[in-house]
Amino acid sequence: MKISLPPRLGGTAPEIDISTTRHIVVIGANGSGKTRFANRLAADLGGNAMRLSALNALYVKDNEPVPQGPIDSLYQETVGSGSLLRSDLRGEFERLIGLLLNEEMLSLLADKFDPQEKKTASTRLERVMWHWKQLFPDNHVLVESGRMLFSRDSADSSYGAAKLSDGEKAVMYYLGAVSLAPEGAAIIVDSPTRFLHPATNKALWERIEHWRRDCTFIYITHDLQFASTHINGLTIWVKSCDLRRGVWDYEFVSSPDVLDDELYLAILGERKPVLFIEGDGKNSIDAKLYPLIFDDYTVKSLGGCDRVIESTRTFNSLRALHNLNAFGIVDRDRRDDGEVGYLRKKQILVPEVAEIENVFMIEDVIRTMASLNHKDPDEVFEKVRRTIMRLFESDLRQQALQHTRHRVKRAVEHRIDGRFTNINQLENHISDLGREINPRGIYENLCREFRRYVRDNDYASVLRVYNRKTMLSESHAARLCGLKKDDKDAIIRAVLDILRRNLEGAAILRKAIRQVFI
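About the cut-offs
Residues numbered from 1 in each chain as written. Predicted model: local features only at pLDDT ≥ 70, side-chain atom pairs only at ≥ 80, totals over all residues. Heavy atoms only, no water. Helix = DSSP H or I, 4+ residues; strand = E, 2+ residues; numbered from the N terminus. Buried < 20%, exposed > 50% of the residue type's maximum accessible area, 1.4 Å probe, protein only. Contact = heavy atoms within 4.5 Å. Areas by Shrake-Rupley, 256 points an atom, 1.4 Å probe, with all protein chains shown as cover. Pairing = 2+ DSSP bridges. Axes fitted to C-alpha atoms, helices over the stretch in contact; angles between N-to-C directions. Left-handed = near helix turned anticlockwise from the far one by under 90°. Nonpolar A, V, L, I, M, F, W, Y, C, P; charged D, E, K, R; others polar. Phe/Tyr/Trp six-rings, centres within 6.5 Å; stacked < 30°, edge-to-face > 60°. Lys NZ or Arg CZ within 6 Å of the ring centre and 35° of its normal. Parallel < 35°, antiparallel > 145°, perpendicular 65-115°, else oblique.

### Details of the overall build of the protein
So, step 1. Of the regular secondary structure elements, the protein holds 24 helices and 15 strands.
So, step 2. For the protein, with 518 residues in total, the buried portion stands at 47%.
So, step 3. The long-range fraction of contacts in the protein, counting pairs at least 24 apart against all pairs at least 6 apart in sequence, stands at 65%.
So, step 4. On the protein, roughly 26600 Å² of surface is accessible, and the fraction owed to carbon and sulfur atoms is 48%.

As structure tokens, then:
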């Protein structure tokens, strides 16, 4: 089936054959006109289009009319046909669940009253439940007394669909909706990443596209990472829209390199400098903390440190295109001064603490949290410092060994990358590596350095080199600072809440945390 795309600025409307295109990604910044672009596409496709939006499906306000889409139309038709389906369900999600359960009930009744009729295919709900189980292996779903009930391996109780998380509801909505799509439909999905963890998102759409190979999927998104994983189809970059003339400025993107580099300008719309960070963008501490500290940057999570480093380099190499500046943040971990200096020259910020959790242990953070909860900051900090120094002293040799291992690994990687004309040269080079690198010498120097930190009671230097995820809880910093719960997450939540709500102490905390990057 061929359709014409919306009118293009300075040209005609290109024609594409959607029957040969598995998916189309329409990407652009907020306000670029990509939603209107999708509306125009849906209008041209007519009855062959199915529009899906998890946001609209999950959230319907009581004082607003329910928007009419294909699921709503099917629901009204089913209710009007004398079905036992309730007529007061609101929102696409509730109505979708109702439709699937109604069809399942009719199938069961047909089996009961016509036992001679052999069931040859699974029901729509059974197929949805099977896909759900593949995506969430530790979750279970069953139909009981006309309800869908969910449970987890880790819990004995079950619960209804209303108590699913937003992400789980979105998955159930998309699975159920595409099961209802007519053969050969064009399924238009608004913001396909909304509510979904990146790993779930990727697995979900790969599964759905494989399941409904007869359909064409048109994704409307501003998520660059999603677009870069769907490059094998057709990608359309919508730059702007002239509402008065009813035309769009857009172009086709065919190369992953173009997508990763050229589209940043459109995606970043806010025109702020960019800050690439580690983490998954949703659940990591980095993603929760850094946007609150660096509120003058557009913060984007990229996963691992290697991708942060490479993306910062690539973005800045295209400065002539977008005139924006990019920085990155990676954990210090066990990097030595040489590595840190090299990264900082490349605009990669490396904090003066070993890992993200240590940020919440810095002296000014502990003192501020103690003062805000009417505790003596000197007494609280001294108790925290004493505990951390004792932990570090008992762990000193193991920490020195881990740092030595890191340095030896980096040295081997660097030195083994030389040019050799024959195997004998390579063998001789490798046999000399142990003597040249001298792991024991590195280890003994580190032990002396770490003992000096203990002797001098140098708390800041310990935080810079000490990798121990349990430090926050073992120091009892939360309890000492006057928080109700004494665990690692308590003090993290408290600091984030103060920063997010800009409460008393937020400016001091923000300044203290930014200082570890200078």
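So that's the structure; there's more coming.
### Thoughts on the sheet that holds strand β5 (residues 139–144)
So, step 1. Reading across the sheet, the 3 strands line up as β5-β6-β7 and stay open at both edges, with antiparallel pairing between neighbours. Edge positions in the open sheet fall to β5 and β7 (159–160), since each of these has one partner strand only.
So, step 2. Sheet topology note: the β5/strand β6 (residues 147–152) ladder contains 6 bridges and is antiparallel. Counted as the bridge partner of Glu144 is Arg147 from β6.

### Side note on the packing of helix α5 (residues 124–135) against helix α7 (residues 198–211)
So, step 1. It is the contact of α5 with α7, at a shortest axis distance of 11 Å, that shows an interaxial angle of 145°. For the crossing formed where α5 meets α7, the hand is right-handed. Here Arg127, Val128, Trp130, His131, Gln134 and Leu135 of α5 come into contact with α7, specifically with Ala203, Leu204, Arg207 and Trp211.
So, step 2. Each residue belonging to the contact of α5 with α7 can be placed in one class, and the counts come to 6 nonpolar, 2 polar and 2 charged.

### Section: the packing of aromatic side chains
So, step 1. Evaluation of the coordinates by the stated rule reveals 20 aromatic pairs.
So, step 2. Look at Tyr59 and Phe195: their rings are 6.1 Å apart centre to centre, the planes differ by 40°, and that puts the pair in the tilted class. Note that Tyr59 is positioned in the loop between α2 (54–58) and α3 (70–80) and Phe195 in the loop between β8 (186–190) and α7, a separation of 136 residues in sequence.
So, step 3. Seen in terms of ring centroids, Phe150 and Tyr159 are 6.4 Å apart; in terms of plane orientation they differ by 25°. Their pairing is stacked.
So, step 4. Of the residues examined, Tyr159 reaches a relative accessible area of 15% and is grouped as buried.
So, step 5. Among the aromatic residues, those joined into a cluster by ring pairs are Tyr173, Tyr174, Trp205, Phe217 and Tyr219.
So, step 6. Here Arg8 stacks its cationic end above the ring of Tyr250, 5.1 Å away from the centre of that ring.
So, step 7. When the ring centre of Trp237 is taken as origin, the NZ or CZ atom of Lys239, which lies over that ring, is 4.7 Å away.

### Observations concerning the side chain of Ser475
So, step 1. Inspection of the secondary structure assignment puts Ser475 in the loop between α21 (471–474) and α22 (477–480).
So, step 2. Discounting chain neighbours no more than four positions away, the residues touching Ser475 are Met361, Val384, Thr387, Ile388 and Leu480.

### Concerning the packing of helix α15 (residues 363–372) against helix α16 (residues 377–394)
So, step 1. As a packed pair, α15 and α16 sit with axes 8 Å apart at the nearest point and diverge in direction by 135°. One element, α15, and the other, α16, form an angle in the oblique class. α15 and α16 meet at a crossing whose hand is right-handed. Across the interface between the two elements, Glu363, Ile366, Arg367, Ala370 and Ser371 of α15 pack against Pro377, Asp378, Val380, Phe381 and Val384 of α16.
So, step 2. Class assignment for the residues of the contact of α15 with α16 results in 6 nonpolar, 1 polar and 3 charged.

Interpretation in functional terms is not warranted from these geometric data alone.
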